[in-house]
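As a plain string of letters, each chain reads:
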Amino acid sequence: MIKKIKGMDPNLKFYTSKIESEINRGISKLCILAIINQNGDKGIHGYQILKELQKETGDAFVIEEGTLYPILRKLEEEGMIRSQREEIGRKKKFYYMTTYGKKVFNYLEGFLSKLIEAIAPLFDIKVKLKIEKYIFCPMCANKIEVKDVIPKFCDVCGYNIENEIRKRGLKIE
Amino acid sequence: MSKISKEKMIKEFIKKVKKQLPGWLKERKEHKEILDELEEHVWQKATELSGTGRPTLESVKKALTQIGTPQEIAKEYKKRGEPKIYITKEMWPLYIKVLGIILGLIIALNLLNLIIIYLTGQVNDSIIGNAVNNIQLGFLYGFTIVTIIFVILSMEGYFPEDFLSKKKRKNRRKAIELAAKEGRPVQPADFLTSEPFIYPASVIIGGSIGLIIGFLLVFNIFPSFIFTDTFLYFLEIVGLLLIGESILNILRGIFGNNYPERHQVIHVLLIIIKILWMLPFFYLLNSLYVSSFFTEIFMPPEIATELIDDFEVIIIIILIIIPLTIIEDIYKIVKLQKYIKLY
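On a predicted model such as this, the values are computed, not experimentally measured, just so you know. Every chain is numbered independently, its residues counted from 1 as its sequence is written. Lettering for chains starts from A, numbering for ligands starts from 1, and both go in the order in which the items are written. A pLDDT threshold of at least 70 governs which residues receive local features in this predicted model, and a stricter bar of 80 or more applies before side-chain atom pairs are shown or counted, although totals over entire chains, interfaces and linings include all residues. As a rule here, side-chain values come from all non-hydrogen atoms in the structure, and water together with hydrogens is ignored.

(A) Molecular detail of unusual backbone geometry. Residues and elements named next belong to chain A. Although it is not a glycine, Asp59 sits at a positive phi angle of roughly 65 degrees. Only DSSP runs of H or I with at least four residues qualify as helices, and only runs of E with at least two residues qualify as strands; both kinds are numbered from the N terminus onward. Tracing the backbone shows Asp59 in the loop between helix H2 (46-57) and helix H3 (65-77). Positive phi, normally seen in glycine, also occurs at Asp124, with a value near 55 degrees. As for its placement among the helices and strands, Asp124 is situated in the loop between helix H4 (99-119) and strand E4 (134-136). Only protein chains enter the accessibility calculation, which uses a 1.4 Å probe. A residue is then buried if its area is under 20% of the maximum for its type, exposed if over 50%, and partly exposed in between. A relative accessible area of 71% means that Asp124 is categorised as exposed.

Here you go:
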């Protein structure tokens, strides 16, 4: 963001943009995963990922085009996502979440949500987690969707979440 | 006209990106897919920027400027490893391993040099000092060259798996896909199961050939006028050892990619046989001046004497090769330990 600003003190610009890049690096990966996850079985291609990211964040969070594809490639290499080319038309490459990717993403989503909630007072901001929609594992912060029936154990760390489920009057699998 | 220029402009851009891509990526078929995807991206961006639903020459130009330079795009593919003192964390274990091998080889070569000096009777007071100096100097050169190579490889984004064969890389890819499908992270054990530690067919074929040659040597198939009795006796011993080694290799093939502990035991037995292999060759080296290989009928003594030096060189080469194969067996024993943990 700061890179675009002209006429700034170069030293300040250099330092702030460096920290900005450090913060963005991890978040970029997570945001890409979030968009791929949102698109589920429909899948999504690279260009669309950037467009949706711009739309969802109101242009506040931008991933450079040159950065997107190496990240997608790395995520695929790590088994987090898989890709498939269109069989007809321009043969665009669509990306989908793998079972493993979904599991990791659920955890990272939970971790980030809890982290933001915890550090929010430091920046004088208010964060409200959607606890009516999700249970956050007390042990690892894994994000578990509230459904009719919920498994007794967290699928990431294996912690018994029976108490959390009972507190909300939900059924245990 | 406009269409050709647009396409040409994009193709030129893609060509430049391809040129800038790191070597490890260019070697893979995958780079074509990356470039196709990038091309598709440019077309979509240009279409959107034109605002007319169709890309124009101007919108293509604008899209290419916004996407970044070919150098910038390619640079992202080089940012692959985690930095650790100029060499990435991923390349570090391989770097240490290569340095270890270099040091081992330098020490082994110097030890062999000492043995040859001792055997040829050219011993003097400074040989130990010289050997130590040679090891230090050799390692210094080796360390410098290897470090420079690994820094460059790290800057280019190489990973150790980029040096694996296509087949092994494909197996690894399958292991990652399978683990992802099962919803779990890929483990080193997944790679081990995808990479067999032995190719049974080739080991059994090799062992069988060795077995036939061994029997031919033991049963002395050579006409009696060719070799001297001493050399025939030597060939019989070599034949017996070859039979032993071949049987062990056939057994390895039969066990296949199972029972890593049994494979380890076989490698220990192979090491013993290989040490025994060296004894007849040492004997031959020492008896070169008293007896020659060939009978006087087959080769006159004056010619045989002239050839003595050549025979000596051949025997020394064999005596160098045998310890190297012993090192290979030791390496395999260590490597098999990983498979034992897996089974």
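(B) Quick look at the interface of chain B and chain A. For this analysis, residues touch if any pair of their heavy atoms sits within 4.5 Å. Each side of the interface is counted separately: chain B has 28 residues, and chain A has 24 residues. By buried area we mean the combined loss of accessible area, with a 1.4 Å probe, across both parts when two parts are placed together. Carbon and sulfur atoms make up 48% of the surface buried where chain B meets chain A, a total of about 2,400 Å² over both sides. Summed over the three residues of chain B that lose the most area to chain A, namely Glu37(B), His41(B) and Gln44(B), the buried surface amounts to 24% of that side. A carboxyl oxygen of Asp or Glu within 4 Å of a side-chain nitrogen of Lys or Arg is what we treat as a salt bridge. There are 6 salt bridges connecting chain B and chain A. Here Glu77(A) makes a salt bridge to Arg28(B), at a shortest N to O gap of 3.8 Å. Pairs of N or O atoms within 3.5 Å make up the polar contacts considered here, provided that, within protein, one atom can donate a hydrogen while the other can accept it, and that residues adjacent in sequence are counted only when both atoms are side-chain atoms. Linking chain B with chain A are 11 residue pairs in polar contact (both at pLDDT 80 or more).

(C) Spotlight on the pairing of strand E3 (residues 93-97) of chain A. Residues and elements named next belong to chain A. Taking burial as the measure, the 5 residues of E3 include 5 buried ones, the bulk of the element. Side chains Lys93, Tyr95 and Met97 of E3 all project onto a buried face; the interleaved residues Phe94 and Tyr96 project onto the opposite face, where all are buried too. A pair of strands counts as paired when DSSP detects no fewer than two bridges linking them. Direction of pairing for strand E1 (residues 44-45) relative to E3: antiparallel, over a ladder of 2 bridges. Bridged to His45 within E3 is Phe94. By the bridge criterion, 5 bridges tie strand E2 (residues 81-85) to E3 in an arrangement that is antiparallel. Within E3, the residue paired with Arg85 across the bridge is Lys93.

(D) Focus on the layout of surface pockets. All names here are of chain A. Site definitions follow a grid-based scheme: protein atoms alone, a 1 Å grid, a 1.4 Å probe that fits but cannot get out for cavities, and for pockets an open set with protein on both sides within 12 Å along at least five of seven lines, plus lining residues having an atom within 4 Å of a point. Grid points are joined across faces, edges and corners, and a volume is the space filled by probe spheres set on the points. Of the volumes computed, that of the second largest pocket is approximately 600 Å³. Along the wall of the second largest pocket there are 18 residues; nearest its centre are Leu30, Cys31, Ala34, Glu109 and Leu112. Those elements that provide at least two residues to the lining of the second largest pocket are helix H1 (10-38), H2 and H4. Among the elements that take part in the lining of the second largest pocket, H1 stands out by supplying 7 residues, more than any other. Its residues assigned to classes, the lining of the second largest pocket shows 11 nonpolar, 4 polar and 3 charged. Those domain boundaries reflect an automatic or database domain assignment. Here the lining of the second largest pocket gathers at least three residues from each of two domains, domain 1 (10-97) and domain 2 (105-172). Note that Gly is not counted as nonpolar here; it falls among the polar residues with everything else outside the nonpolar set of Ala, Val, Leu, Ile, Met, Phe, Trp, Tyr, Cys and Pro and the charged set of Asp, Glu, Lys and Arg.

(E) Examining the packing of aromatic side chains more closely. Here is the rule: rings of Phe, Tyr and Trp (six-membered ring for Trp) pair when centre to centre is within 6.5 Å. Planes less than 30 degrees apart are stacked, more than 60 are edge-to-face, and the remainder are tilted. Going through the model one piece at a time under the given rule, you end up with 12 aromatic pairs over all chains. Look at Phe139(B) and Phe143(B): their rings are 6.2 Å apart centre to centre, the planes differ by 40 degrees, and that puts the pair in the tilted class. Of the two residues, Phe139(B) and Phe143(B) are both situated in helix H7 (residues 127-155); the distance of 4 residues between them amounts to about one turn of the helix. Aromatic pair Phe234(B) and Phe281(B): ring centres 5.2 Å apart, planes at 85 degrees, arrangement edge-to-face. Placement of Phe234(B) in helix H11 (residues 229-255) and of Phe281(B) in helix H12 (residues 260-286) is noted, with a sequence separation of 47 residues between them. The same class applies to Phe234(B) and to Phe281(B), which are both buried. In this structure an aromatic cluster arises from ring pairing among Phe227(B), Phe231(B), Phe234(B), Trp277(B) and Phe281(B). Charge-over-ring contacts are defined here by two conditions on Lys NZ or Arg CZ: a distance within 6 Å of the ring centre and an angle within 35 degrees of the ring normal. Across from the ring centre of Tyr96(A), 4.5 Å away, lies the NZ or CZ of Arg82(A), which sits over that ring. Over the aromatic face of Tyr134(A) sits the side chain of Lys143(A), whose NZ or CZ is 4.1 Å from the ring centroid.

Interpretation in functional terms is not warranted from these geometric data alone.
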